[in-house]
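A look at the structure
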Amino acid sequence: MSRQEVVKSNSHMVQKEMITRNYDRITGGTAKVSSTFVPGNLNELLMCFDIANNLPEINAIQNAMRKKSGEMIAEAERSGHSEDVCTYVKADIGMMAKGNIAPNGKPFPDPDVLLLSYTGCFTFMKWFELLREQYKCPTVMLHVPYAADGLPTKNMRDYIVKQLKEDVIPVLEKVSGVKFDIDRLREYLRKSAIAENDLVWMLESSKRRPSPVDCYFGGVYYMGPIFTAFRGTDECIEYYRLLRAEIEERIAKGLCAQSPDGDMPEENYRLVVEGPPNWTSFRDFWRMFSEAGAVVVASSYTKVGGVYDYDGFRHDPGHPLESLADYCLGVYTNRNLPTRVDMLARNLVEYEADGLLINSIKSCNSFSAGQLVMMREIEKITGKPGAFIETDLVDPRYFSAANVKNRLESYFQMIDQKRRAGGSAAAAGA
Amino acid sequence: MSPRPVGEIVAACEEIFEDLSFAKAREWKAAVPGRKVIGYMPVYVPREIVHAAGMLPLGILGGGADMEVIHGDAFYQSYICRIPRSTIEMAINGKLDFVDGMMFPSICDVIRNLSGIWKLLFKEKYVRYFDAPQNFREEVGGVFYANEMRELRDGLAKLGGREVTDDDIRRSIAVYNENRRWVNRVYDFRADFPWKAPSAEVYLLMRAGMVLPPEEHTLLMREYLAAAEAANRAMRDNCRVVLTGTFCEQPPLNLIKSLEMSGCYIVDDDLMLVSRWLLEDVPTEGDPIGNLSRAFLLHSAETAAKYEPDIARKGSYLIDSVRKRKADGVIFAAPSFCDPALLDKPMIISRIEPLGIPYIHIQYAENSSQMQPIREQSGTFADTIKLWSAS
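On a predicted model such as this, the values are computed, not experimentally measured, just so you know. (Residues numbered from 1 in each chain as written. Chains lettered and ligands numbered in written order. Predicted model: local features only at pLDDT ≥ 70, side-chain atom pairs only at ≥ 80, totals over all residues. Heavy atoms only, no water.)

**Some details on the overall build of chain A**
The cut-off we apply is this: Helix numbering and strand numbering both begin at the N terminus, where a helix is a DSSP run of H or I of at least 4 residues and a strand a DSSP run of E of at least 2. This radius of gyration counts C-alpha atoms alone. The globule rule is 2.2 Å times how many residues there are, raised to the power 0.38. Three exposure classes are used, based on accessible area relative to the maximum for each residue type with a 1.4 Å probe and protein chains only: buried under 20%, partly exposed in between, and exposed over 50%. We call two residues in contact whenever any of their non-hydrogen atoms come within 4.5 Å of each other. The charged-residue count follows a simple rule in which Lys and Arg add positive charge and Asp and Glu add negative charge, with His and chain termini not counted at all. Note that the charge is assigned to NZ on lysines, CZ on arginines, CG on aspartates and CD on glutamates.
A tally of regular secondary structure across chain A gives 18 helices and 10 strands. Expected size for 430 residues packed as a compact globule is a radius of gyration near 22 Å; at 21 Å, chain A falls within 12% of this value. For chain A, the residues scored as buried account for 64% of the 430 residues in total. Once local pairs closer than 6 in sequence are excluded, the contacts in chain A between residues at least 24 apart make up 77%. Counting 52 positive and 57 negative side-chain charges, chain A places the averaged centre of each group 1 Å from the other.

Here it is in structure tokens:
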């Protein structure tokens, strides 16, 4: 098999078809379109108004994986944007300047509404102000306060619910011409919760040895439907059922996680990873792990859209608006650093990982600022070694394959040494 | 006692500015047993509540140009701005050991996460991330904000061991109203007579206000204005500029001096925004927290850290400032890696460009030392403006 050829599972193919269908809907000219963000998105609410969900971060990722983001970022910088700022934003601005072509080859329509629901990232606010300059369409703000003390407060929840009732819903009604029906929302939320149960089962399946899934590189695919335009749909439920059946089959066969080149022959290292992946060299990056037999058993990135496993959150049809508020508040990067430390430390222990790897992203302060302290705290709590690499989201200038590989190899050696010294009992027992 | 000359007042302010051990604030705390000091970072926190709790609000604005950052660099990657690393450095070196609590306003993701680092490193300290609403409707954002202020009040009351009453807050509102009036008078005076109130001096005067109790700072500003008015200083042939984007990590003092030396009078700026955040007096009658909330929602500064719901009003603060201060141009100055300022800039430029307002952009860090390129850039800018004006 060629190294360029990627092994795709059935669920992978199904998801690809779902995403293509969503892009066709967005570019089809029949549905109203909202641009909004992934973390804590209000997909079920948008569905209540028959509005299609377009996610600029996903477009930036798609362009990065197709090696197109570099020229888009350069275009944005030529138009006056700084080298220093978020590259998702610049990839989006550059994409607009280059004709705004969707991954299906058709031009994106101008959005009918910008739903500025920013959770866990302050930069999102500036991003949509910039898009508003271009599109001059209605822009509705849902301000989600930062859960700085670890838990959402009643004041925060009430504030979000009030914004939903008094600002967001009226604007969506006006844009769409559809009257809000709370029972319709309840039904979508009921379906969300079903899919979320299977998502959590998938995440927790990596507690097994060998892990049947990779919860970072593979996790990026597994989380696709739930964090984008499908949460609350029957097809989302079906997707996670299918994924679960596939994983159950892998478990029954005793297979290791999949890699870009097929099933990993053996599982040598079990890692927890903090931070988003690099998208411009995604497969090369993944292979650096899989060729060493390193599987990621848990990652914070699979919680970037919302956290379901840490404290058992599920969308609740009994309390629809409050449930949306809790979902927004609970997004991983909307939780304070002590909570993030606790979450990762628990992952290290419960998933019997060998260590924590942090991929620090140059253009994502929301994730990156504070990661060095987090690493030290987690090492202190768990006694397991941490390591730090630096890349970027979608700017190819900031991915140095040699440096990353070198650091990873050193890290794996460090884990080996720790094992020999008896410092990583879990791994030694593997 | 005869009034101090302006140089003496400025020298005293400079001493406060350079003292990273915060001797003045330590003295204030030591003067009465049980006193507490609450640090806050830029851009805006309701200092009135802290003051009402009998505590000293202390502005923490980074380590400045001269502080060597050793430990702080182990906390932050190279692509993160400098203010959090120098702030951590100060905390680790014990320079903030007398500070009983820290407030982190909602500016950006870096400052937000710094609040978490504080929680991890200084577990015994009071830490409050202070979220301000981005929804400016009284019954929505206003209710949220008032409740946040009540939580702050109650937290400080617990820390201080005494109730913070509405009357306490009303009195503090009056103190800060008075302080703000004098801040505005200094700014107005500088705009009218920039040769008599150089920006480096005004900056030092405002920085002193981050350390001194507001009552003392007000007296200092009164004294400075009288002395500056009396001083005989020569007017230069400088152009008049508004400096914008400097609301958080502070530029080195030398940068401000360099801009002036190169031929630019800074007639308005967004340095020390906390002192000028509220644009009108806060009423001292009625519900004080409601009054503070309404002041924030309806009469507060526009900055990159705030959402502007009305696209037509985007950048209006800068245009108003250029007009009010009769400025010839704008200098956009942002700290490196500052998402809010750097992402806001293209939008603001698109508003001032059609009006023919000249501008330049510079980038800095609080420890930038090479001023020659900045001086050349701003000098060329000033010359160009003068040439245009003459034509």
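Moving on, there is more to tell.
**As for the overall build of chain B**
Defined as follows: Computed with the Shrake-Rupley method and a 1.4 Å probe, the accessible areas treat only the protein chains shown as cover for residues.
The number of helices and strands found in chain B is 15 helices and eight strands. Its C-alpha radius of gyration of 20 Å places chain B within 12% of the 21 Å reference for a compact globule of 391 residues. Counting only C-alpha atoms and orienting by the principal axes, one finds that chain B spans roughly 65 × 50 × 45 Å. Within chain B, buried positions represent 64% of all 391 residues. If you take every contact in chain B between residues at least 6 apart in sequence, the share linking residues at least 24 apart comes to 74%. By element, 52% of the accessible surface of chain B is carried by carbon and sulfur atoms, the whole surface being about 14300 Å². Across chain B, the mean location of the 46 positive side-chain charges is 1 Å away from that of the 54 negative side-chain charges.

**What to know about the sheet that holds strand β10 (residues 386-391) of chain A**
Residue and element names in this part refer to chain A. The condition that has to hold: Pairing between strands requires that DSSP locate at least two bridges from one strand to the other. Here, axes are lines fitted to C-alpha atoms. For helices the fit covers the stretch in contact, and angles between N-to-C directions go from 0 to 180 degrees.
In space, the four strands of this open sheet follow the order β8-β7-β9-β10, with parallel pairing throughout. At either margin of the open sheet sits one strand with a lone partner, and together these are β8 (294-299) and β10. The average undirected angle you get between the axes of adjacent strands in this sheet is 35°. Of the strand pairs in this sheet, strand β9 (residues 355-361) and β10 are connected by six bridges, and their pairing is parallel. Counted as the bridge partner of Ile358 is Phe388 from β10. Here helix α12 (residues 282-290) sits on the sheet in contact with β7 (269-274), β8, β9 and β10, set at roughly 110° to β8.

**Examining the confidence of the model for chain A**
Heads up, the rule is: Confidence scores here are pLDDT values: one per residue, from the predictor, ranging 0 to 100.
Across chain A, the average pLDDT comes to 94, with 97% of residues at 70 or higher. This stretch, residues 425-430 of chain A, has a pLDDT under 50; its non-local contacts, to residues over four places away or in other chains, come to eight contacts.

**Some points on helix α7 (residues 154-176) of chain A**
Quick reminder of the rule: How far a helix is expected to stretch is found by multiplying one less than its residue total by 1.5 Å.
Given a rise of 1.5 Å per residue, 23 residues ought to cover 33 Å, and the 31 Å separating the end C-alpha atoms of α7(A) matches this to within 8%. Immediately beyond the C-terminal end of α7(A), within one or two residues, lies Gly177(A), with a positive phi of roughly 75°.

**Looking at the packing of α7(A) against helix α6 (residues 138-160) of chain B**
Our working definition: Orientation is classified from the angle alone, with under 35 degrees giving roughly parallel, over 145 giving roughly antiparallel, 65 to 115 giving roughly perpendicular, and any other angle giving oblique.
Here α7(A) crosses α6(B) at 175°, and the two axes come no closer than 9 Å. Looking at the two axes, α7(A) sits roughly antiparallel to α6(B). Contact residues: α7(A) offers Asn155(A), Met156(A), Tyr159(A), Lys162(A), Gln163(A), Glu166(A) and Asp167(A), while α6(B) offers Glu139(B), Val140(B), Gly141(B), Val143(B), Phe144(B), Asn147(B), Glu148(B) and Glu151(B).

**A few points about the nonpolar core**
Our working definition: In these notes, a set of buried Ala, Val, Leu, Ile, Met, Phe, Trp, Tyr and Cys residues joined through side-chain atoms within 4.5 Å is what counts as a nonpolar core.
Counting 245 residues, the largest nonpolar core has Tyr88(A), Trp279(A), Phe289(A), Tyr301(A) and Trp118(B) as its most contacted members. In terms of residues, this core owes the most to one element, helix α8 (residues 199-211) of chain B, which gives nine residues. Contact partners of Trp118(B), with chain neighbours within four places excluded, come to Thr87(B), Ile88(B), Ala91(B), Leu96(B), Met102(B), Phe104(B), Lys123(B) and Val127(B). Listed in part, the 32 residues of the second largest apolar core include Phe49(A), Val140(A), Leu172(A) and Val140(B).

**Looking at unusual backbone geometry**
Omega for the peptide link from Arg209(A) to Pro210(A) comes to -10°, which places this bond in the cis form. In this chain, Pro42(B) is followed by Val43(B) through a cis amide linkage whose omega measures 25°. The residue Val43(B) is located in the loop between β1 (37-40) and α3 (47-52) in this model. The phi torsion at Asp50(A) lies on the positive side, around 60°, for a residue other than glycine. Considering the arrangement of structural elements, one finds Asp50(A) in the loop between α2 (43-48) and β2 (51-54). Here Met272(B), not a glycine, exhibits a phi torsion of approximately 50°, which is positive.

**Details of the pattern of salt bridges**
Quick note on the threshold: The term salt bridge refers to a side-chain nitrogen of Lys or Arg lying within 4 Å of a carboxyl oxygen of Asp or Glu.
Within this structure, the stated rule accounts for 63 salt bridges over all chains. Residues Glu75(A) and Arg78(A) are paired through a salt bridge, measuring 2.9 Å at the closest nitrogen-oxygen approach. Placement of both Glu75(A) and Arg78(A) in helix α4 (residues 69-78) is noted, with a separation of three residues, approximately one turn of the helix. Exposure remark for Glu75(A): the relative accessible area of 22% places this residue in the partly exposed category. Since its relative accessible area comes to 60%, Arg78(A) is described here as exposed. Put simply, Glu248(A) and Arg244(A) hold a salt bridge, and the shortest N to O gap is 3.3 Å. Residue Glu248(A) and its partner Arg244(A) are both found in helix α11 (residues 234-253); the two are separated by four residues, about one turn of the helix. Relative accessible area serves as the criterion here: at 26%, Arg244(A) is assigned to the partly exposed category. Among the charged side chains, a network of salt bridges with common partners joins Lys126(A), Glu129(A), Arg132(A), Lys314(B) and Asp344(B).

**As for the interface of chain B and chain A**
What counts here: Buried area, as used here, totals the accessible surface that two parts lose on assembly, with accessibility defined by a 1.4 Å probe and the loss added over both. Under this definition, polar contacts are N or O atom pairs within 3.5 Å; protein pairs additionally need one hydrogen-donor-capable and one acceptor-capable atom, and for neighbouring residues in sequence, both atoms have to be side-chain atoms.
At the junction of the two partners, chain B supplies 58 residues and chain A supplies 57 residues. Both faces combined, the contact of chain B with chain A buries some 4700 Å², and carbon together with sulfur accounts for 56% of it. Looking at the side of chain B facing chain A, the largest losses of area belong to Tyr79(B), Tyr307(B) and Leu343(B), adding up to 15% of the total buried there. Connecting chain B to chain A are six salt bridges. Lys119(B) is the partner of Asp149(A) in a salt bridge, and the nearest nitrogen-oxygen pair spans 2.6 Å. Where chain B meets chain A, there are 34 residue pairs in polar contact (both at pLDDT 80 or more). Where the side of chain B that touches chain A is concerned, the elements lending two or more residues are α5 (109-121), β4 (126-130), α6 and α14 (339-352) of chain B.

**Focus on the environment of Val33(A)**
Residue and element names in this part refer to chain A. Counting through the fold element by element, Val33 comes out in strand β1 (residues 32-35). Classification of Val33 by relative accessible area gives buried; the value is 2%. C-alpha separation for the pair Val33 and Gly318, spaced 285 residues apart in sequence, amounts to 28 Å. When near neighbours in sequence (up to four residues on either side) are disregarded, Val33 contacts Ile26, Ile51, Ala52, Asn54, Pro109, Pro111, Asp112 and Val113.

**Description of the environment of Asp287(B)**
All names here are of chain B. Among the structural elements, Asp287 can be located in the loop between α11 (273-276) and α12 (288-298). Taking the C-alpha atoms as reference points, Asp287 and Ala191, separated by 96 residues in sequence, lie 35 Å from one another. Here Gly290 takes part through its backbone nitrogen, which lies 3.1 Å from a polar atom of the side chain of Asp287.

**A look at the packing of aromatic side chains**
Condition: Two aromatic rings from Phe, Tyr or Trp, using only the six-membered ring of Trp, form a pair when their centres are within 6.5 Å; if the ring planes differ by under 30 degrees the pair is stacked, by over 60 it is edge-to-face, and anything between is tilted. The criterion is that NZ of a Lys, or CZ of an Arg, lies within 6 Å of the ring centre and within 35 degrees of the ring normal, and then a charge sits over that ring.
Counted by the stated rule, this structure contains 42 aromatic pairs over all chains. With centroids separated by 4.8 Å and ring planes inclined at 85°, the aromatic side chains of Tyr239(A) and Tyr240(A) adopt a geometry described as edge-to-face. Across the pair, exposure class does not vary: Tyr239(A) and Tyr240(A) are buried alike. Between Trp118(B) and Phe122(B), the ring centres sit 4.9 Å apart and the planes meet at 45°, which makes this aromatic pair tilted. Using a relative accessible area of 3% as the deciding quantity, one classes Trp118(B) as buried. Here Phe122(B) falls in the buried class, since its relative accessible area comes to 15%. An aromatic cluster of at least three residues, connected via ring pairs, comprises Tyr216(A), Phe217(A), Tyr221(A), Trp279(A), Phe282(A), Phe285(A), Trp286(A), Phe289(A), Tyr301(A), Tyr332(A), Phe367(A) and Phe399(A). Above the face of the Trp28(B) ring, Arg35(B) is positioned so that its terminal group lies 4.2 Å from the ring centre. Sitting over the ring of Tyr187(B), Arg276(B) keeps its end group 3.7 Å from the ring centre.

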